[in-house]
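Now for the letters of each chain:
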Amino acid sequence: EFAAEPLLVAGREAVLHNDFELAQRIAGVLEGFSDTGTWAQSAQLEIAAQPLERFKTLCRRAKEEYRSKIVRDNHSNQHNKQICAAALAHFRTQVQPELNRLKRLLPPESEGYQEAHEEAALLLSGIASDFTWADDFIESEKLYEEALKLAENTFGAVRIQALLEDVRSSAQQQRTSGERISSAPS
């Protein structure tokens, strides 16, 4: 642990200077020490703490920004489609790349890794919910399924599973009839 202290310092500095390539290499070296005690995982989490908080903030701000623009009535589906498309594009171009970068800093079994996945899954689940207000239940179902995979082994997965079940019948009806559904599920 004492011998690895310079690695930890270098990892913190790499994150501070946005040198994720170096931070990822250091995290990989620390991963190699995982069989020497829990200190190695703690060191990895310490290096990733600031990027993890930034990622959570990114997800929460996106959720607030896009969800506040959704008009929750049955006559605003065209307006809502534009908002949903923008929210999904933001998720794909901003959130997913950050999640992928963050995952390389964190051990898969770590709490931070799970927190990042859950935060991303809850954001995607919110976008899926908003798609019901755009009368696109098929897309909503698809996004809920993707969110459920992201949320695997988190508390958010239970909530997302329930929301997915709620939207499935509407998506099936939309697939078979091809018609607009008169209202979003409760």
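Structure's up top.
About the cut-offs
- Residues numbered from 1 in each chain as written.
- Predicted model: local features only at pLDDT ≥ 70, side-chain atom pairs only at ≥ 80, totals over all residues.
- Heavy atoms only, no water.
- 1 Å grid on protein atoms, 1.4 Å probe; cavity = no way out; pocket = protein on both sides within 12 Å on 5 of 7 lines; lining within 4 Å.
- Points joined across faces, edges and corners; volume = space filled by probe spheres on them.
- Helix = DSSP H or I, 4+ residues; strand = E, 2+ residues; numbered from the N terminus.
- Nonpolar A, V, L, I, M, F, W, Y, C, P; charged D, E, K, R; others polar.
- Buried < 20%, exposed > 50% of the residue type's maximum accessible area, 1.4 Å probe, protein only.
- Salt bridge = Lys/Arg side-chain N within 4 Å of Asp/Glu carboxyl O.
- Core = buried A, V, L, I, M, F, W, Y, C linked by side-chain atoms within 4.5 Å.
- Contact = heavy atoms within 4.5 Å.
- Expected span 1.5 Å × (residues − 1).
- Bend = angle between axes of the 7 residues up to and from the residue.
- Polar contact = N/O pair within 3.5 Å; in protein donor to acceptor, adjacent residues only side chain to side chain.
- Axes fitted to C-alpha atoms, helices over the stretch in contact; angles between N-to-C directions.
- Parallel < 35°, antiparallel > 145°, perpendicular 65-115°, else oblique.

### Digging into the layout of surface pockets
Then comes step 1: As a volume, the largest pocket reaches approximately 150 Å³.
Then comes step 2: Looking at the largest pocket, the residues that line it are K56, R60, E111, Q114, E115, E118, E119, N153, T154 and F155.
Then comes step 3: Listed by contribution, the elements that provide at least two residues to the lining of the largest pocket are α3 (39–67) and α5 (111–132).
Then comes step 4: Residues belonging to the lining of the largest pocket are distributed by class as follows: 1 nonpolar, 3 polar and 6 charged.

### Quick notes on unusual backbone geometry
Then comes step 1: Although it is not a glycine, D135 sits at a positive phi angle of roughly 55°.
Then comes step 2: Counting through the fold element by element, D135 comes out in the loop between α5 and α6 (137–150).
Then comes step 3: A positive phi angle is found at N153, which is not glycine, with a value near 65°.
Then comes step 4: Tracing the backbone through its elements, the reader meets N153 in the loop between α6 and α7 (156–177).
Then comes step 5: Look at N153 and you get exposed, because its relative accessible area is 68%.

### Focus: the pattern of salt bridges
Should the charged atoms of two oppositely charged side chains come close, the side chains can pair.
Then comes step 1: This structure, assessed with the given rule, holds 15 salt bridges.
Then comes step 2: Its salt-bridge partner being E46, residue R12 comes within 2.7 Å of it at the nearest N-O pair. Pair noted here: R12 is in helix α1 (residues 5–16) and E46 is in helix α3, with a separation of 34 residues, a long-range link.
Then comes step 3: When salt bridges that share partners are traced, they join E141, E145, E165, R168 and R175 into one network.

### Re the nonpolar core
Then comes step 1: Judged by nonpolar contacts, the single largest core of 52 residues is most densely connected at F55, F91, L102 and I127.
Then comes step 2: Secondary-structure elements contributing two or more residues to this core are α1, α2 (20–32), α3, α4 (77–103), α5, α6 and α7.
Then comes step 3: Setting aside residues no more than four positions away along its own chain, L102 makes contact with A48, P51, L52, F55 and A116.

### Comments concerning α7
Then comes step 1: With 22 residues, α7 should reach 32 Å at 1.5 Å per residue; the first-to-last C-alpha distance of 32 Å fits that figure.
Then comes step 2: Residue V167 marks the point of greatest curvature in α7, where the axis turns by about 30°.
Then comes step 3: Among the residues making up α7, those that are buried are G156, A157, I160, L164, V167, S170, A171 and Q174.
Then comes step 4: Looking at the packing, one finds that the buried side of α7 touches α5 and α6.
Then comes step 5: Count one or two residues on from α7 and you reach G178, which has phi positive near 70°.

### As for the side chain of S76
Then comes step 1: Note that S76 resides in the loop between α3 and α4.
Then comes step 2: At 2.8 Å, the side chain of S76 forms a polar contact with the side chain of D73.
Then comes step 3: Apart from residues lying up to four places away in sequence, S76 is in contact with V71 and W133.

### Focus on the side chain of Q174
Then comes step 1: Counting through the fold element by element, Q174 comes out in helix α7.
Then comes step 2: Under the relative-accessibility criterion, Q174 is labelled buried at 10%.
Then comes step 3: Separated by 3.2 Å, the side chain of Q174 and the backbone nitrogen of I138 make a polar contact.

### Considerations on α4
For an α-helix, 3.6 residues make a turn, and residues three or four places apart therefore share a direction.
Then comes step 1: A maximum bend of about 35° is found in α4 at F91.
Then comes step 2: Those residues of α4 that sit buried are N77, N80, I83, C84, A87, L88, H90, F91, V95, L99 and L102.
Then comes step 3: Buried residues along α4 sit against α3, α5 and α6.

### Structural notes on the packing of α5 against α6
Then comes step 1: It is the contact of α5 with α6, at a shortest axis distance of 8 Å, that shows an interaxial angle of 170°. It follows from the interaxial angle that α5 and α6 lie roughly antiparallel. For the pair α5 and α6, the contacting residues are H117, A120, A121, L124, S125, I127, A128, S129, F131 and T132 in the first and F137, E139, S140, L143, Y144, E146, A147 and L150 in the second.
Then comes step 2: Taken together, the residues that form the contact of α5 with α6 break down as 11 nonpolar, 5 polar and 2 charged.

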